[in-house]
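Here are the chains, one letter per residue:
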Amino acid sequence: MQGGLNEALKRARALGCDTMQIFSRNPRGWGGAAAFDPRELAVFAAAREKERFSPLVVHVPYLINLASPDDTIYAKSVESFTGDIKVSGEIGAEYFVTHLGSHRGSGEKIGIERFAAALNKAFSAVAPGVMVLLETTAGAGDSIGSKFEH
């Protein structure tokens, strides 16, 4: 994303791509989702349409943990997740990829319940114009999302 959306699109095209996955902001920080200039968004949308560049996928930043038993981390995660879904819609992304999170020792059942509640909170605040994709995990540690049942 260095240089903005249009530069990312140009780099992807130069690599022969017709789709790309991006982060809407620093994937390793809590800073808010990027605010894009409406002119940049218009140029980006036109270039994607002209070049039939689709789909556009946005990946959730790594710090977000929608299954966290820690109320502070959980609240930050829901707020951040909601902002990123909003930005994903603004830039015209078709998909938003998220990890389910880590229950951090509280157990799978509680982690899954918190994750589901987080999605409900986010979707009640922002009607997603993008499809949320749940990324599976290898099942290490306290992660949820490694089993179909999750």
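Because the structure is a prediction, the values reported are computed rather than measured. Numbers given for residues are sequential positions, taken from 1 along each chain in its written order. At least 70 in pLDDT is required for a residue's local features to be given in this predicted model, at least 80 for side-chain atom pairs to be given and counted, and no such filter applies to totals for whole chains, interfaces and linings, which use all residues. Here the side-chain values reflect all heavy atoms present in the structure, with hydrogen atoms and water set aside.

(A) Structural context of the overall build of the protein. Numbering goes from the N terminus for both helices and strands, where a helix is a DSSP run of H or I of at least four residues and a strand is a run of E of at least two. Scanning the protein from terminus to terminus reveals four helices and four strands. Along its sequence from the N terminus, the protein presents helices and strands in the succession α-β-α-β-α-β-α-β. Here the globule rule is a power law, 2.2 Å times the number of residues to the power 0.38, and the radius of gyration is based on C-alpha atoms. Over its C-alpha trace the protein gives a radius of gyration of 16 Å, about what one expects of a compact globule, namely 15 Å for 150 residues. Projected onto its principal axes, the C-alpha coordinates of the protein cover approximately 50 × 30 × 25 Å. When checking whether two residues touch, look at their non-hydrogen atoms; a contact exists if any pair is within 4.5 Å. Sequence separation of at least 24 residues holds for 77% of the intrachain contacts in the protein that already meet a minimum separation of 6. Computed with a 1.4 Å probe, the accessible areas rest on the Shrake-Rupley method; for each residue, only the protein chains presented here act as cover. Accessible surface for the protein amounts to roughly 8,300 Å². Of this, 55% is attributable to carbon and sulfur atoms.

(B) Molecular detail of the packing of helix α3 (residues 71-90) against helix α4 (residues 108-125). At a closest axis distance of 9 Å, the pairing of α3 and α4 adopts a crossing angle of 45 degrees. Taken as axis vectors, α3 and α4 run oblique relative to one another. For the pair α3 and α4, the sense of crossing is right-handed. Between α3 and α4, the residues in contact are D71, Y74, V78, F81, T82 and I85 and R114, A117, A118, L119, K121, A122, F123 and A125, respectively. Here, axes are lines fitted to C-alpha atoms. For helices the fit covers the stretch in contact, and angles between N-to-C directions go from 0 to 180 degrees. Roughly parallel means an angle under 35 degrees; roughly antiparallel, over 145; roughly perpendicular, 65 to 115; everything else is oblique. The sense of a crossing depends on the near helix, which, turned anticlockwise from the far helix by less than a right angle, makes the crossing left-handed and, turned clockwise, makes it right-handed.

(C) Fine view of the nonpolar core. Ranked by size, the top nonpolar core spans 34 residues in total, and within it M20, L66, F81, I91 and F96 carry the most contacts. Where this core is concerned, the elements lending two or more residues are α1 (5-14), β1 (20-22), α2 (38-51), β2 (56-59), α3 and α4. Top element by residues in this core is α3. It accounts for five residues. If sequence neighbours within four positions are ignored, I91 has contacts with L5, I22, F36, L41, F44, R48, L56 and V58. Only buried Ala, Val, Leu, Ile, Met, Phe, Trp, Tyr and Cys residues count toward a nonpolar core, and they belong to the same one when joined by side-chain atoms within 4.5 Å. The buried label goes to any residue with under 20% of its type's maximum accessible area, the exposed label to any with over 50%, and the partly exposed label to all in between, with areas taken from a 1.4 Å probe on protein chains only.

(D) Just the pairing of strand β3 (residues 95-99), in detail. Only strands that DSSP links by at least two bridges are regarded as paired with each other. With three bridges connecting them, β2 and β3 associate as parallel partners. Directly across from H59, in β3, lies its bridge partner V97. Crossover handedness for the path β2 to α3 to β3: right-handed. Where β3 lies against strand β4 (residues 131-135), five bridges are found, and the strand directions are parallel. By the bridge assignment for β4, T98 is matched with L134. Handedness is read with the strands pointing away from the viewer; a crossover is right-handed when the path from the first strand over the helix to the second is clockwise.

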